[in-house]
Every structure is written in C-alpha cells, then in structure tokens.
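# Geometric and topological summary
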Amino acid sequence: MTVLPIILAPDPILKTKAVPVQTVDTKISQLMKDMLETMYLAPGIGLAATQVGVLKRVVVIDISKKDQLNEPICMANPEIIWSSEEKVTREEGCLSLPEQYGEIMRPDRIKLRYIDENNEEVVREASGLLATCIQHELDHLQGILFIDYLSSLKRNIILRRLKKLKKINVKTEMNKSR
Ligand code: K1U
Ligand code: ZN
C-alpha cells in the first residue's frame, strides 16, 4: 500500500468536480486501500479521492475510535438519496485545511447509495458524525470545501492563514534540501 500526498488549499484541484467510476476494478480497489492508509496516517476520519489529486467519485471513511477495531467504509459513486429535515451543527476539520475548523449545519440523517470495494451496490442510512463526514466527503467530490459554507470574512481569514502556512512549508523544504 502507498501513502499518497494530500493536496492543501488553496489549490484549483480541490475546486474541481470528480467523475463517476465505470466499475470498481483492481485499480479502484487499490486506490481505496491507498486512500485508507493515507487517511489513517494523517490521521483523519474520511478522505475523498479529490484530496489526493484523483478526480474520481471515490471516498473512504472510518469514524471508529482509536481503541476500537477499524471499520473502514469504501465508496465509489456515492449518492445521497434522502436527507432528514432535522439539521445539526458540528465542528468540521479537513485534511486539506490543516488546523482550521468551522461550525457547519447539515442534515442529521441521510440515506445513500454507493458501490463498495467488491463492486456491490449498497444502500444504507447514516446519522450523527458518520452522516456529517459522508456529506463533507461528497462535497469534496463536487469541489466544495466546508469553508464555502462560512461567511466570506471567516473563509478569507482561513485562506490567508493557509497561504502563510504553505509559504512556511516551502521555506522549510528549501532549507532541508540545502
Ligand atoms: O475530508 C477530510 O479532509 C477529512 C476530515 C473529515 C471530517 C472531519 C470532521 C467533520 C467532518 C469531516 C477529517 O478527518 S479532519 C481530522 C479529524 O476530524 C480527526 C482526526 C483524528 C481523530 C479524529 C478526527
Ligand atoms: Zn475535507
């Protein structure tokens, strides 16, 4: 398995819409495995293929706690087919926006359809943190980041911080290679 580099905002790739996969073949199931390894190492509870520069509708999620067994969910072509009227506000983070957080309101329960790692169609419901994480990841596939739901003032503060962070990282990398 391979750990893939995660793309950090701002980057035009993160604003690009992903395309459906034809079938979950060995190439896509390998991508899912590599994405899970990347997500566990980060660490995170979800990862969309867009975040590793692959513009395909593929997502991996695992919201299990550190002391629990892993419960990975791999999805290709996920679609939300029902959302509850009831909304909930949760703090969200994003591996493409390191150290930045925002309170985002989303439907509390959803029903979704996707193709799993064995190329089987799955229809399931999700609630709580899992529902929030799924909606966050599906947004990535549409080129949407959680900061797009914030006021332009809050969004610009976060983007400015990230641009600074990127500059510092570039300088550190340059010093390392001297
Ligand atoms: O999409 C991503 O960048 C992953 C993101 C998913 C997410 C988190 C919170 C709410 C909605 C979606 C993350 O995993 S950020 C890191 C994180 O939340 C976390 C990291 C370690 C342990 C527990 C959580
Ligand atoms: Zn994210």
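Residues numbered from 1 in each chain as written. Chains lettered and ligands numbered in written order. Predicted model: local features only at pLDDT ≥ 70, side-chain atom pairs only at ≥ 80, totals over all residues. Heavy atoms only, no water.

Let us look at the state of the cysteines. This structure, assessed with the given rule, holds 0 disulfides. In this structure Cys 74 is a free cysteine whose sulfur lies 13 Å from that of Cys 133, the closest cysteine sulfur available. (Disulfide = S-S within 2.5 Å.)

Moving on: the coordination of the zinc ion (ligand 2). Surrounding the zinc ion (ligand 2) are the protein donor atoms Cys 94 (SG), His 136 (NE2) and His 140 (NE2), at 2.0 to 2.3 Å. Every donor residue of the zinc ion (ligand 2) comes from the same chain, spaced as C-x41-H-x3-H. Of this pair, Cys 94 sits in the loop between strand E4 (87–92) and strand E5 (102–107) while His 140 sits in helix H2 (residues 128–141); the two residues are 46 residues apart in sequence, bridging distant segments of the chain. Take Cys 94 and His 140: they sit in the same class, and that class is buried. (Donors = N, O, S within 2.8 Å, 3.2 Å for Na, K, Ca; no water. Helix = DSSP H or I, 4+ residues; strand = E, 2+ residues; numbered from the N terminus. Buried < 20%, exposed > 50% of the residue type's maximum accessible area, 1.4 Å probe, protein only.)

Turning our eyes to something else, we now look at the confidence of the model for the chain. Residues of the chain with pLDDT of at least 70 account for 100%, and the chain-wide mean is 96. Averaged pLDDT values over the elements of the chain bottom out at 87 in helix H3 (residues 152–176) and peak at 99 in strand E1 (residues 46–48). (pLDDT = per-residue confidence, 0-100.)

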